[in-house]
Amino acid sequence: MIDTKNLRSQIEKIDTLPTIPSTLRKLLSVIEDPKVSLSDIGSFISNDPVLTSRVIKVVNSPIYGFPGRISSVNQALILLGLNVVKGMLLGVSVFEAMKKTMEGLWEHSIGCAVTSKIIGTKKGLADIEELSVAGILHDIGKVAMGLKFLDEYKGLIKKAIDKNVLLIDLEKELFFVTHSETGAWIGQRWNFPKSLIEIIEYHHKPQLSKNYAIQTAVVHLADILVRAKGFGFAGDYLIPTINPIAWQRVGLSKDELKEVIAEMEDSLAESGEFNLEDD
Amino acid sequence: MIKNQNIVLVINDIAISTTINDKLGVFYNINSFKKISNALDSIYNSLPDLIITDFSSDATEISKIISEVKKDPIFGQIPFLVIVEEDYIFCDDNWLIIDDYIRKHDVDKEIQNVVKLCLFRAERVFETNPLSRLPGNITIEKKIQNMIDKGEKFAVAYTDLDYFKPYNDKYGFSRGDQVLRMLGRLVLNFVRQWQPHDSFVGHIGGDDFVFIVSIDIAEKLSQEIIDTFSKIVLTFYDDEDKKKKCIDSVDREGMKKKYPIMGLSIGIAHNQIRNFTHYGEVAELASEMKKYAKLSGGNCYKIDMRKI
């Protein structure tokens, strides 16, 4: 058992999260290309939770003088500039130790970003890019816990698979807190905009979100739809139930849900190719 | 004692690294790294007061990365101290990025003095706008006069925010400054992206920024800056105002009034159809164009097209 205070200080000590090997290989070729543009880098970064978290962290750091304001990757890149972005990407490290699990988590995160965007567009929400960023970052707490408590976390995932239970319930048993809280801690520590922190914190308890209720409900729903589609791997094989309040808040009709699922299939096939091409 | 200055140390040699940590650790916060690439995250996140590296491991790689870091004006002022072997010979490129050096056998004896000197010197050369870290009036004037004297063709653009005052009144100066810093980054990065060489960005003060680019791109670039600004600026409003797309503030007479979301007006002067002899003419013409843009409702640019 690890006490919460100690856990929080461990998590808050994290300055930078590692990515997966296939991302790093592609990253190097992107940085070394002298003709690479900000928008090329932007679409690359948007498809990786760790790179996205890095960019959002740096642009919201007090140095640039507008902390907690920017939640879009493209806007972040414009304000940081090519030199800073390239330099920042040079320091990215790799997470070999949890390769298998983490690669599945990457796909799950991309799937959730894509699906959040689809639902948000369908419901005519503002700030679609912010939703997509929230989608890709929603499980960032899992990366942090895996990084700091590798053996324990690997053990939890194995147990979740063997006993066919939800990873989040096992997290709570062992750590007293879940990846939702640890993700929110990181977001606070790194000056993320309030909207992102709230969505990360409540994506499993969307009924508790007050200021960004619809956005949180969308990411909650997207998370479950992506699991149900069997795209990627979020640490267990169970599909949690959709929270009825969140379902109401999003307000998808039966036909709209069908359309969302159809669009997901198209987009996920594309992003699947993107992420798996060199495995 | 209170340590309020931060040093990033990138040294592969453990003996040297230990010596430096021993000598400086009492006075400064030191972040030690073995490789320069690992230090970048810390540099970009903490804005150190000094970077110390070892040139005996991989001088070319280190120089390349440091000169990239220094291209950004926020990080350009960080002094850069290198430790070199007894027989190391400097080349001209070194002097462009290095602020001082110590030879290995002098580290123990000299590191404290040299570090102090570096830090003091860095404070003295600060001549930029403290808000944006961009060059100020004197540099802007020199730059423009220089181009006139050389007979170069150029466009000078002056920016001005629409409805900045009501924003400042409602949200306070500190939030207003956030918007100005954002605008400074936006202008700088777009200008650099469109014209990496021979372009210039300066900050006169307040919401007045200046950029110099070639005439053929000035209009398109201005339009892109205006468009992007109006997208990003929304995130600087509270959610309620963002939804309403306006704010309640008071006018100069103290009356309550509704004001629209901020926009950007840009005035452009250039020497395609007329010649300048003095900086003052450029400034006057660009300001005139800026006022014209504002009178046209703002959120647009105006370029001088009048025949002489």
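Residues numbered from 1 in each chain as written. Chains lettered and ligands numbered in written order. Predicted model: local features only at pLDDT ≥ 70, side-chain atom pairs only at ≥ 80, totals over all residues.

**Student:** I tried to follow the overall build of chain A on my own but got confused; where do I start?
**Tutor:** For chain A, the count of helices and strands is 16 helices and 0 strands. Principal-axis analysis of the C-alpha atoms places the extent of chain A at approximately 50 × 45 × 40 Å. Here chain A holds 279 residues, and 52% of them are scored as buried. At a minimum sequence separation of 6, the contacts of chain A that also span at least 24 residues come to 70%. (Helix = DSSP H or I, 4+ residues; strand = E, 2+ residues; numbered from the N terminus. Buried ≥ 20, exposed ≤ 12 C-beta atoms within 10 Å, placed from the backbone. Contact = placed C-beta atoms within 7 Å.)

**Student:** Can you walk me through the overall build of chain B in this structure?
**Tutor:** Looking only at helices and strands, chain B has 12 helices and 12 strands in total. Expressed along its principal axes, the backbone C-alpha trace of chain B runs to roughly 65 × 50 × 30 Å. In chain B, which comprises 308 residues, the proportion classed as buried is 37%. Considering only residue pairs separated by 6 or more positions, chain B has 67% of its internal contacts joining residues 24 or more positions apart.

**Student:** How should I be thinking about the domain arrangement of chain A in this particular structure?
**Tutor:** A common way to express how large an interface is: the accessible area buried when the components associate. Residue and element names in this part refer to chain A. As far as domains go, chain A holds domain 1 (18-90) and domain 2 (99-276). Spacing between the C-alpha centres of domain 1 and domain 2 amounts to 21 Å. Domain 1 puts 22 residues into the contact, and the matching count from domain 2 is 23 residues. If you list the elements that add at least two residues to the side of domain 1 that touches domain 2, you get α4 (49-59) and α5 (73-80). Top contributing element to the side of domain 1 that touches domain 2 by residue count: α4, with 6 residues. (Domains from an automatic or database assignment.)

**Student:** How should I be thinking about helix α14 (residues 213-229) of chain A in this particular structure?
**Tutor:** Because each turn of an α-helix spans 3.6 residues, side chains separated by three or four positions end up pointing in the same direction. All names here are of chain A. Across its 17 residues, α14 extends 24 Å between first and last C-alpha, which sits within 8% of the 24 Å expected from 1.5 Å per residue. With 13 of 17 residues buried, α14 lies mostly within the body of the structure. One or two steps after α14, the chain reaches Gly 230, where phi turns positive at roughly 75°. (Expected span 1.5 Å × (residues − 1).)

**Student:** How should the interface of chain A and chain B be read in this particular structure?
**Tutor:** Taken together, the contacts link 22 residues of chain A with 26 residues of chain B. Going through the elements one at a time, α5 and α6 (82-90) of chain A are the ones with two or more residues in the side of chain A that touches chain B. Per element, the largest residue contribution to the side of chain A that touches chain B is 6 residues, and it comes from α6 of chain A. Along the lines of polarity and charge, the residues of the side of chain A that touches chain B split into 12 nonpolar, 8 polar and 2 charged. (Nonpolar A, V, L, I, M, F, W, Y, C, P; charged D, E, K, R; others polar.)

**Student:** Just checking my understanding: could you explain the sheet that holds strand β3 (residues 50-54) of chain B for this structure?
**Tutor:** Hydrogen bonds between backbone groups are what pair the strands of a sheet, and the pairing can be parallel or antiparallel. Residue and element names in this part refer to chain B. Spatially, the 5 strands line up as an open sheet ordered β2-β1-β3-β4-β5, and their pairing is parallel. Taken across any chain shown, the strands that pair with only one partner, and hence form the sheet edges, are β2 (29-33) and β5 (100-103). Taken over all neighbouring pairs, the strand axes of this sheet differ in orientation by 20° on average, direction set aside. Strand direction decides the pairing type here: strand β4 (residues 80-84) and β5, joined by 4 bridges, are parallel. (Pairing = 2+ DSSP bridges. Axes fitted to C-alpha atoms, helices over the stretch in contact; angles between N-to-C directions.)

**Student:** Which parts of the structure should I look at to understand unusual backbone geometry?
**Tutor:** Leave glycine aside and you will find that most residues have negative phi; peptide bonds, for their part, are mostly trans. All names here are of chain A. Phi at Asp 127 is positive, roughly 55°, even though this residue is not glycine. Mapped onto the elements of the fold, Asp 127 is located in the loop between α7 (99-122) and α8 (128-137). On the basis of neighbour counts, which here come to 18 C-beta atoms within 10 Å, the residue Asp 127 falls in the partly exposed class. Unlike most non-glycine residues, Asn 191 shows phi in positive territory, near 55°.

**Student:** Whenever I open this one, the sheet that holds strand β12 (residues 301-303) of chain B confuses me. Can you help?
**Tutor:** Residues and elements named next belong to chain B. Ordered by their spatial adjacency, 5 strands build an open sheet running β7-β8-β6-β11-β12, and the pairing between neighbours is mixed. Two strands close off the open sheet at either side, each with one partner strand: β7 (200-205) and β12. When strand polarity is set aside, the average angle formed by the axes of neighbouring strands in this sheet is 20°. Here strand β11 (residues 263-270) pairs with β12 via 3 bridges, running parallel. Following the sheet pairing, Gly 267 is matched in β12 by Lys 302.

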